[in-house]
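Here is what each chain is made of, one letter per residue.
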Amino acid sequence: MRSAVPGHALLWVILACQCVSTRGCGAHYEFAIEEFCLAKFRLDMQELDQNNWCNWEDTVEPYGELTNCTYLVALKMDCFWPNRLVDEFFIRVHRHYFHDCSLSGRLLRDPPNRILGPFIVVPILVTLLMTALVVWRSKRSEGIV
């Protein structure tokens, strides 16, 4: 029973330290990343044509700078990084700037008909051919034992 008490005390000390450390990362940290980091990111994204927002090659540099900025602000304010506020911040950024983008970073479109056509026609023809072959073979095998 004695070993459980120091374990609980250690747990409370760790939790208390976590609460003290993260308490300073509230509204002040959120305000700082909005004012310093997001302001520059907005300017960078305004320079891009909105049609290029889903092109990773065009947005990787501003997005990397945004990520680095949130990290540097967290370091200066003695906050953990990443944290809940950073996660919520990036979710808002993604909802605003990248909501129409696919996971690969490219806009999804149907391939041209010259490419799509064979993928549709070939399975249909193979199915018809196999059906005809089975019917022909079943009629022919009646005389063979």
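Looking at an unreviewed UniProt entry, one finds the protein chain named Receptor activity-modifying protein 1 and attributed to Gouania willdenowi. Per its UniProt entry, the protein chain bears the Subunit (unreviewed entry) comment "Heterodimer of CALCRL and RAMP1; the interaction induces allosteric modulation of CALCRL function and CGRP1/CALCA and CGRP2/CALCB ligand specificity. Heterodimer of CALCR and RAMP1; interaction forms the AMYR1 receptor complex for amylin/IAPP and CGRP1/CALCA ligands." As its UniProt record puts it under Subcellular location (unreviewed entry), the protein chain is described as follows: "Cell membrane".

Draft legend 1. Focus on the UniProt feature "transmembrane region" (unreviewed entry) in the protein chain. According to UniProt, the "transmembrane region" (unreviewed entry) feature falls on residues 115-136. Here residues 115-136 runs as 100% helix and 0% strand, with 32 Å between its end C-alpha atoms.

Draft legend 2. Structural context of unusual backbone geometry. Across the junction of Trp 81 and Pro 82, the peptide omega takes the value -5°, indicating a cis bond. The topology assignment puts Pro 82 in the loop between helix 3 (56-76) and helix 4 (84-97). With phi around 55°, Asp 78 is a residue other than glycine that occupies positive phi space. Following the sequence through the fold, Asp 78 ends up in the loop between helix 3 and helix 4.

Draft legend 3. Layout of the pattern of salt bridges. Using the criterion set out here, one finds five salt bridges in the structure. When the shortest N-O distance is used, the salt bridge between Arg 92 and Glu 30 registers 3.7 Å. Here Glu 30 lies in helix 2 (residues 27-47) and Arg 92 lies in helix 4, a separation of 62 residues in the sequence. Looking at Arg 92, the relative accessible area reads 35%, which means it is partly exposed. Note that Glu 88 and Arg 84 form a salt bridge whose closest N and O atoms lie 3.1 Å from each other.

Conventions we followed
- Residues numbered from 1 in each chain as written.
- Predicted model: local features only at pLDDT ≥ 70, side-chain atom pairs only at ≥ 80, totals over all residues.
- Heavy atoms only, no water.
- UniProt positions renumbered as here; feature names shortened; annotations may be inferred.
- Helix = DSSP H or I, 4+ residues; strand = E, 2+ residues; numbered from the N terminus.
- Salt bridge = Lys/Arg side-chain N within 4 Å of Asp/Glu carboxyl O.
- Buried < 20%, exposed > 50% of the residue type's maximum accessible area, 1.4 Å probe, protein only.

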